[in-house]
Amino acid sequence: MTFDLIIRRAQLRQRAGLVDIGITGGKIAAVEPRLTTGGAQEIDAAGRLVAEPFVDCHFHIDKSFFGEAVGRYDYPLKPLVGPGELFEGEVRSGMQEYELLHSNVVPIEHTWAFKRGYTPSEVAGRVGRALELALAHGTLAMRMFTDVDSFAGLRALEGVLLARERFGRTMTLQVCAFPQEGLLTNPASGDLMQQAMEMGADVVGGIPFIELDDEGARRHIDYCFDLAKRYDRDVHMLCDDAPNPNFRTLEMLAAKTIREGYHGRVSSGHNGALRVYPDAHAARVINLVRQARINIVANPNVNSLGTLTRVNELMAAGVNVCSGQDDLDNFYYPLGRADLLDSMNFMVHLAHLATPQGFEVAFDIVTRNGAKTLGLSGYGLEVGAEANLLIFDGKNLHDVLQMQADRNYVIARGRVVASTTRQRHIELIRE
């Protein structure tokens, strides 16, 4: 049998000895110590780590490169504008709390002005840049959050759909329609969310904790579930993204999931309040999340400036924990490279996973666990799986993580779609 592609001398995770991987028709056809037949194309991994591709479960990609676009970092730097100094009279949702607690957060009126200026082509351009970064860094599946509200209208969604059309044969891209400004605090968002489903959004997003009170949060959750059931969509909420022990939307979401029988079809991002609950109440909420089979998305880069949820306790309870870039140079986070190896590095530190076994757990968070959240089929390195894989410039996860190693080859559906090999030159002064 002749293969389309053979990867020779690959080191797989948790496997002694090197293997050859044969790929045919975009699928893994063989994994053996030595393939005696040839391939139309061959890559010598030379003992380097070959592993599954990254899965980004939470990326507000439509807002990427905001700071660059508005010249936020250009010299001379502009003076900071304090919270509320630009107040327009609009209802200001709970997102104002971010301005009060975090100096890195851009005042909400600036975000409104930026979103009012969206055009589909402009959004598609910024999204395309972010997707190129993600692809080069080895992400082959992503859930793209897209603002749908009275400020962005449906223009951001139109731009994201244009980008998905361009990249969708290479990457698995799910679009999550997201009411960033709330549903009760921004009443136009409800009808726009329904239109987004008609236009091709894959997931119903929500952010109940920013409504004005608990009753508003419950109504927000109810609306999103009604919409998801009507269109047979999964649900992905952002819950309790602040160290506020009075926030309760994660447990509201878990209870609603159980009542509606939507087990396994719901994800929740951030969940920082869980960290500051009394331990007894946190255990109760974690048990509800486990019963509802909710996927928890922890975003350590961004949450490092706020509050990372109880990752270890959730995993110990059997909850599926995954991760995402979340933000890239936008209103809430000024950095980011769309590189989940960077996110893994943050997770290892913040969740105290700095052991050989912990590295494996952290890698699962940005790969296999994410694949479960997105419902990916054919994911993995077994025979019969989709031939989506990465060849790292390192022989094990310690080397890869410590050096933030290049993805020498990114392979999607059996084809090399990106390659990176950095060169370094050092010349010492001798005299």
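To be clear, the structure that these remarks concern was listed above.
What you see is a predicted model, and the numbers here were worked out from it, not measured in a lab.

Calculation rules
In every chain, residue numbers begin from 1 and rise along the written sequence. Selection of residues for local features in this predicted model requires a pLDDT of at least 70, selection of side-chain atom pairs for listing and counting requires 80 or more, and totals for whole chains, interfaces and linings are taken over all residues. Values reported for side chains reflect all heavy atoms of the structure, with hydrogen atoms and water molecules removed beforehand. Segments assigned H or I by DSSP are reported as helices when at least four residues long, segments assigned E as strands when at least two residues long, and all are numbered from the N terminus. To sort residues, take the accessible area from a 1.4 Å probe on protein chains only and compare it with the maximum for the residue type: under 20% means buried, over 50% means exposed, and anything in between is partly exposed. Helix axes are fitted only over the stretch in contact, all axes being lines through C-alpha atoms; the angle between N-to-C directions runs from 0 to 180 degrees. Any angle that is under 35 degrees is reported as roughly parallel, and any over 145 degrees as roughly antiparallel; angles of 65 to 115 degrees are reported as roughly perpendicular and all others as oblique. Should the near helix be turned anticlockwise from the far one by less than a right angle, the crossing is left-handed, and should it be turned clockwise, the crossing is right-handed. Residues count as neighbours in contact if any of their non-hydrogen atoms are within 4.5 Å of one another. Criterion for a salt bridge: a side-chain nitrogen of Lys or Arg within 4 Å of a carboxyl oxygen of Asp or Glu. Definitions used for this entry: grid spacing 1 Å over protein atoms alone; cavity, a set of points where a 1.4 Å probe fits but cannot get out; pocket, an open set with protein on both sides within 12 Å along at least 5 of 7 lines; lining residue, one with an atom within 4 Å of a point. Grid points are joined across faces, edges and corners, and a volume is the space filled by probe spheres set on the points. For this classification, Asp, Glu, Lys and Arg are treated as charged, while Ala, Val, Leu, Ile, Met, Phe, Trp, Tyr, Cys and Pro are nonpolar and the rest, including Gly, are polar. A pair of strands counts as paired when DSSP detects no fewer than two bridges linking them.

Looking now at the environment of Ala351. Examined against the element boundaries, Ala351 turns out to sit in the loop between helix H13 (340-350) and helix H14 (356-365). Given the relative accessible area of 2%, Ala351 is considered buried. Between the alpha carbons of Ala351 and Asn186 there is a distance of 36 Å; along the sequence they are 165 residues apart.

Turning to the packing of helix H6 (residues 188-199) against helix H7 (residues 214-231), a few remarks are in order. At a closest axis distance of 11 Å, the pairing of H6 and H7 adopts a crossing angle of 20°. Classified by the interaxial angle, the pair formed by H6 and H7 is roughly parallel. Once H6 is placed against H7, the crossing between them reads as right-handed. Within the contact between the two elements, H6 uses Gly190, Asp191, Met193, Gln194, Met197 and Glu198 and H7 uses Tyr223, Leu227, Arg230 and Tyr231.

To continue, consider the pattern of salt bridges. A side chain of one charge can pair with a side chain of the opposite charge when the charged atoms of the two come close. Applying the stated criterion across every chain, the model contains 31 salt bridges. Asp44 serves as the salt-bridge partner of Arg9, at 2.5 Å between the closest nitrogen and oxygen. Residue Arg9 is found in strand S1 (residues 3-10), and its partner Asp44 is found in strand S4 (residues 39-44); the two are separated by 35 residues along the sequence. Given a relative accessible area of 37%, Asp44 falls into the partly exposed group. Glu52 is the partner of Arg13 in a salt bridge, and the nearest nitrogen-oxygen pair spans 3.5 Å. Of this pair, Arg13 sits in the loop between S1 and strand S2 (19-24) while Glu52 sits in the loop between strand S5 (50-51) and strand S6 (54-59), placing them 39 residues apart in sequence. Arg13 gets classed as buried once you look at its relative accessible area, which sits at 14%. If you follow the salt bridges from partner to partner, you end up with Arg13, Glu52, Glu360, Asp364 and Arg368 in one network.

Taken as a whole, the second largest pocket spans an internal volume of roughly 250 Å³. Around the second largest pocket sit 17 residues that line it, and Leu140, Thr172, Ser377, Glu386 and Asn388 are the ones nearest its centre. Among the elements of the structure, S6 and strand S7 (139-147) are those that each provide at least two residues to the lining of the second largest pocket. Residues of the lining of the second largest pocket, tallied by class, amount to nine nonpolar, six polar and two charged.

Moving on, we get to the sheet that holds strand S12 (residues 295-297). Think of a sheet as strands paired side by side through backbone hydrogen bonds, with each pair either parallel or antiparallel. The eight strands are arranged S6-S7-S8-S9-S10-S11-S12-S13 in an open sheet whose pairing can be described as parallel. Each edge of the open sheet is held by one strand with a lone partner, namely S6 and strand S13 (321-322). Relative to strand S9 (residues 203-206), strand S8 (residues 172-178) runs parallel, the two sharing two bridges. Within the sheet, the bridge partner assigned to Ala177 lies in S9 and is Val204. Across the sheet, helix H8 (residues 249-260) lies against strand S10 (234-239), strand S11 (266-270) and S12, angled at about 175° from S11, the strand it touches most.

Burial along strand S14 (residues 389-392) is two-sided: the residues Leu389 and Ile391 and Leu390 and Phe392 are all buried. Note: S5 against S14, two bridges, orientation antiparallel. Residue Ala51 lies in a different strand from S14, and its bridge partner there is Leu390. In the sheet, S14 pairs with strand S15 (residues 407-412) via four bridges, with the strands oriented antiparallel. Within the sheet, the bridge partner assigned to Leu389 lies in S15 and is Ile411.

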